[in-house]
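# Structure assessment
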Amino acid sequence: MPHIMKKLFPFLILVILFSSCKMQDDAQSTPELAFSFFEHKHGAKVDTILAYPLRAGVYSLDTIYALDTMAFLIGANGRYNALDSLIIRWDTTSIKATFAVGQDWNNFLDPAKTDVAKGRFYFCPYVQRVVLPMLYVPQCAGTDTVVIHLANCSTAFGPVEYTFIQPVR
């Protein structure tokens, strides 16, 4: 073997080894959910409501009154993977919820699966990050719950879910 080949042979072996590895699992990750401050609107008065952690993924919000408005932003990040779905669940008999989804969202959402009124958002294959404004109004006194579930296209890591408990007077 010529002298130059002796020097290049280990390099070629390394190139073959690294290019033949399955690198897909390196890009797998759990999606991330983030939230803005919760804005509480009571008449003309606007306050910031805090979320207190009760246990992993479960938060308690400060008490508000029935027919007050709560507004906040939901940030969804698929990290290294595309977003698959963002599902928001609430008791439709005790909470009226709306989402600020305009015409520009047609570029991000799969219209065949998405149901904005029910809080079910399914994304196009290339979408990695979105910020979704949510507004809800509790209709009666009691304890309301809003559950936010985010899944990305990762096959190795599961979805993430957060629950917000809202006492209402």
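Further up the page is the structure itself.
Quick notes on the rules
Residues numbered from 1 in each chain as written. Predicted model: local features only at pLDDT ≥ 70, side-chain atom pairs only at ≥ 80, totals over all residues. Heavy atoms only, no water. Phe/Tyr/Trp six-rings, centres within 6.5 Å; stacked < 30°, edge-to-face > 60°. Helix = DSSP H or I, 4+ residues; strand = E, 2+ residues; numbered from the N terminus. Salt bridge = Lys/Arg side-chain N within 4 Å of Asp/Glu carboxyl O. Buried < 20%, exposed > 50% of the residue type's maximum accessible area, 1.4 Å probe, protein only. Pairing = 2+ DSSP bridges. Axes fitted to C-alpha atoms, helices over the stretch in contact; angles between N-to-C directions.

### Notes on the packing of aromatic side chains
Counted under the stated rule, the structure contains twelve aromatic pairs. Each ring, one from Phe35 and one from Phe72, has its centre 6.3 Å from the other, and the planes form 50°; the classification is tilted. Of the two residues, Phe35 sits in strand S1 (residues 32-35) while Phe72 sits in strand S6 (residues 69-77), which places them 37 residues apart along the sequence. Ring centres of Phe35 and Phe164 lie 4.9 Å apart, and the angle between their planes is 80°; on these two criteria the pair is classed as edge-to-face. Within this pair, whereas Phe35 is found in strand S1, its partner Phe164 is found in strand S12 (residues 160-168), the two being separated by 129 residues in sequence. In textbook terms, an aromatic cluster arises when at least three aromatic residues are bridged by ring pairs, as seen for Phe35, Phe38, Tyr59, Phe72, Tyr136, Tyr162 and Phe164.

### Here we look at the pattern of salt bridges
Any two side chains of opposite charge can pair, so long as their charged atoms come close to each other. This structure, assessed with the given rule, holds three salt bridges. Of the charged contacts in the structure, one is a salt bridge between Asp47 and Lys45, with a shortest N-O distance of 3.7 Å. A relative accessible area of 27% places Asp47 in the partly exposed class. Of the charged contacts, one joins Arg89 and Glu161 as a salt bridge, the two residues approaching to 3.5 Å between their closest N and O atoms. Here the residue Arg89 occupies a position in strand S7 (residues 83-90), and Glu161 occupies one in strand S12, the gap between them amounting to 72 residues. For Arg89, a relative accessible area of 34% translates into the label partly exposed. With a relative accessible area of 36%, Glu161 lands in the partly exposed category.

### A few points about the pairing of strand S4 (residues 51-55)
If a strand is regular, its side chains alternate between the two faces of the sheet. With four bridges joining them, S4 and strand S5 (residues 58-61) adopt antiparallel strand pairing. Counterpart to Ala51 in the pairing with S5 is Leu61. In textbook terms, the turn of a hairpin is the stretch between consecutive antiparallel strands, and for S4 and S5 this stretch comprises two residues, one of which, Gly57, has a positive phi near 80°.

### Here we look at the sheet that holds S4
The six strands are arranged S4-S5-S12-S11-S7-S9 in an open sheet whose pairing can be described as mixed. Each edge of the open sheet is held by one strand with a lone partner, namely S4 and strand S9 (120-122). Averaged over neighbouring strand pairs, the angle between their axes works out to 20° when direction is ignored.

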